[in-house]
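Summary of structural features
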Amino acid sequence: MIRVNSKSFDFLENESLYDLLERANFNPDFVAVEVDEKLVKRENFKDFLLQDKAKVEVFSFVGGG
């Protein structure tokens, strides 16, 4: 089980952070992400493999004026 912003998702073996973000309906190009309280650089999303029980926090950018 993986937690994404306090929602539970099934753990999938060999799933990248990028794939999880898409599965959770986030656009990987427009978010910042922490996994287990450590910031993951966007260029590493596709290579970053998740572990069971990971805690993922996704921060979306909001524009305004």
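Located above this text is the structure these notes cover.
Described below are features of the structure shown in this document. (Residues numbered from 1 in each chain as written. Predicted model: local features only at pLDDT ≥ 70, side-chain atom pairs only at ≥ 80, totals over all residues. Heavy atoms only, no water.)

What to know about the nonpolar core
Nonpolar side chains tend toward joint burial in soluble globular proteins. Let me state the cut-off plainly: Nonpolar core, defined: a set of buried Ala, Val, Leu, Ile, Met, Phe, Trp, Tyr and Cys residues in which side-chain atoms within 4.5 Å join the residues together. Classification of residues uses two cut-offs on accessible area relative to the type maximum, computed with a 1.4 Å probe and protein chains only: under 20% is buried, over 50% is exposed, and between them is partly exposed. A run of H or I in DSSP counts as a helix once it spans at least four residues, and a run of E counts as a strand once it spans at least two, with each numbered from the N terminus.
Grouped together as the largest cluster of nonpolar side chains are 17 residues, with contacts concentrated most on L17, V33, V35, F45, L50 and V56. At the level of elements, β1 (2-4), α1 (17-23), β3 (31-35) and β5 (55-60) are the ones that each hand at least two residues to this core. It is α1 that contributes the most residues to this core, 4 residues altogether.

Quick word on unusual backbone geometry
The backbone phi angle of D36 is positive, close to 50°, even though this residue is not glycine. When you line up the elements, D36 lands in the loop between β3 and β4 (38-40). Located in the positive-phi region is K53, a residue other than glycine, with phi close to 70°. Within the secondary structure, K53 is located in the loop between β4 and β5. By relative accessible area, which is 69% here, K53 ends up exposed.

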